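Letter by letter, the chains look like this.
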Amino acid sequence: MLRRIVLAFLLAMAACLGILGYEYATLVIPQPDAFAVSQASTVYYSDGTTPIGKLAGDNRRIIDCSTLPDYVGNAIVASENRTFWTDSGIDLKGIARALFNNVTTGSRQGGSTITQQYAERYYLGETTTYAGKLKEALLALKIAQTQSKSTVLCNYMNTIYFGRDAYGIEEAAQRYFGVSASQLTVSQAALLAGIIPAPNSWDPAVDSTMAQQRFDRVISIMKDDGYLTQAEASAATMPDTIDYTATTSSDFTGSNGYLLTMVEDELKSTDAFKDADVANGGYTIVTTIDKDKQALMQQVASPSTNGLGEPSGIETGGMSADPRTGAIIAVYAGDDYQAKQLNNATQALYEPGSTMKAFSLIGAIENGVSVDSTYFNGNSPQTFAGLQSPVANYANKSYGNITLTQATANSVNTVFMRITEKLGSATVSQIAHDAGVSSTLSDDSPFITLGIDGVTVEDITQAYATIANQGTKMSLHCVGSVKDAAGTMVYATPTSGTQVFDANTANLATQALRGTMQYGTARAAGASVGHTMAGKTGTANDNTAESIVGYTPSVVTTFAIWYPGSDGSAQTLPSWSGYSNGEGFPNVLYAKYMKQALAGTTDEAFTQPTDKGKAGGSDGTWGAAGGM
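All of these numbers come straight from a predicted model, not from anything done at the bench.

## Considering the pairing of strand E10 (residues 489–492)
- Here three bridges tie strand E9 (residues 479–483) to E10, and the two strands are oriented antiparallel to one another. Each bridged residue has a counterpart across the sheet, and for Ser481 the counterpart in E10 is Ala492.
- Counted between consecutive antiparallel strands, the loop separating E9 from E10 contains five residues, among which Gly487 sits at a positive phi close to 90°.

Shown next, in the form of structure tokens:
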């Protein structure tokens, strides 16, 4: 009987050893656990040095450990695993001791070597089951046979948690002592090594007595194991740490959250980053956002700082960009991302009103219509085919027979309704989309030219940037370049554009749009800024929104205001401080921003176009003065 029991036991042991041998032989070291190698990506203003904030990720900066003094790693070995340099990667006695205590007391002890901890944290994530611990031990053995001790120790130091929300030795050095890990002293390294088992509890700022004991222990072991001489050990004293207060990340508070989200969304939309973990990739991202212009935009557009007395509930969106490159210079998306995630510049919709007339204008020019021939009937009201009610101009004003430039400057509804009737709504919609409007438009409505569809501030900024850039569309973007954690450039924004309109056509549109700033609906803003500009204002149906977009050859800027109800529906804008239903308020924001943004710059001239058009268009069918 005893013989059979012994035999069964031996067979069972042989089977277990066989299984373990097979598992070890077939075990493949996996890819590093995402958590272990994650490090926050940092976003900077266009100067490349001023941070906007971190996208997300752990507070970790992975470093090359060859830059560290030997005593940094040896301090950790002394504290965590004295046999590290000579062991096989596992500590059988420690495992047995931990297993016995776990079974008899119900506690959870690790008994892990540095290699085992490295295997767990770097490759497996946290393991708590016995099966997981077995796999951890086998993986540690495999790692010890295939990776150098210095590699294991370096990855361990870059991975482990040191308290103070710091992962890895570099971040820990910064948060405890305000220095790089390469500058750590023997005493500083010993303290960090000593508190590894319970860093939040043994932080000197939390428990100075325990921190001192752990420090003394590490220094003593380093001396005993030959890492320090007696003189060096005697000279080591408990180091001072810098103040640290645990706080919730403030990177996404205020307006910065909008910028950071725009950056991440833009990169994820590219082929280069569509499958990448942008937030946790340790990238250095330089944006196109100008620090000073962004501060100016925020100050001008925010009701909390501009002193213009907007009633509560009015929403504002703003964007400024370089039409020559598509680089977004400044954005007003809102005051506090954590309070409201909807971006007023890129996501919120408003009715653009007459700023949509620019696309009917381009359609007329493309059909050979002169911008300076007097033949359009600007009287009000007028009837149009398919519409039961006549269409009127603002205040029902009649202008008589006028040029296309005059109709643009004074935003004459009847003229642009007649042009749209001739072009067809679908054509106007396509021109707007070609210019860069991405929102859905009413292809079958003659009112498309009066701006009845919901668009974003970014839509209008992009479209007018295309006109300003002589018909070449440069896609708006807020990312300039990206480097990976090793400092290698991995992405730069494309610099090529798409010619969507003939350059002379776009320049003729600009010539007509200049009248808006010279003597039309934005003349006060044009006079205030004092630079050569073109642009257009817009008032939505029933005064639910007011907007302006204007540009020089190098800067295009849009401001819009609207007044959503509690259910998000469009409401009529209130009146305040002389702004009847908000009329003219975006012009004031535009003038304040552009005057300061262009201060000290040379006035730029637009390219002079050639107007070969005529009153009847290229085929003579557009009609004579008064006939439209």
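Still more to cover.
## A word on the environment of Tyr44
- Within the fold, Tyr44 resides in strand E1 (residues 42–44).
- Sequence separation between Tyr44 and Ile285 is 241 residues, and the spatial gap between their C-alpha atoms is 6.1 Å.
- Not counting residues within four places of it along the chain, the set of residues in contact with Tyr44 comprises Thr49, Thr50, Pro51, Ile52, Thr284, Ile285, Val286 and Thr287.

## Details of unusual backbone geometry
- In this structure, the amide linkage connecting Ser380 to the following residue, Pro381, adopts the cis form with an omega of -5°.
- Tracing the backbone shows Pro381 in the loop between strand E6 (376–377) and strand E7 (401–402).
- In this structure, Ala395 takes a positive phi of about 60° despite not being glycine.
- By the secondary structure assignment, Ala395 is in the loop between E6 and E7.
- Residues other than glycine seldom take positive phi values, yet Asp542 does so here, at roughly 60°.
- If you trace the backbone, Asp542 turns up in the loop between strand E12 (534–539) and strand E13 (545–551).

## Focus on the environment of Gln608
- Structurally, Gln608 is set in the segment after helix H22 (585–597).
- With a relative accessible area of 62%, Gln608 lands in the exposed category.
- The spacing of Gln608 and Leu508 is 100 residues in sequence and 8.1 Å in space, taken between C-alpha atoms.
- Side-chain polar atoms of Gln608 contact the side chain of Gln511, separated by 3.5 Å.

Scoring rules and cut-offs
Residues numbered from 1 in each chain as written. Predicted model: local features only at pLDDT ≥ 70, side-chain atom pairs only at ≥ 80, totals over all residues. Heavy atoms only, no water. Pairing = 2+ DSSP bridges. Helix = DSSP H or I, 4+ residues; strand = E, 2+ residues; numbered from the N terminus. Contact = heavy atoms within 4.5 Å. Buried < 20%, exposed > 50% of the residue type's maximum accessible area, 1.4 Å probe, protein only. Polar contact = N/O pair within 3.5 Å; in protein donor to acceptor, adjacent residues only side chain to side chain.

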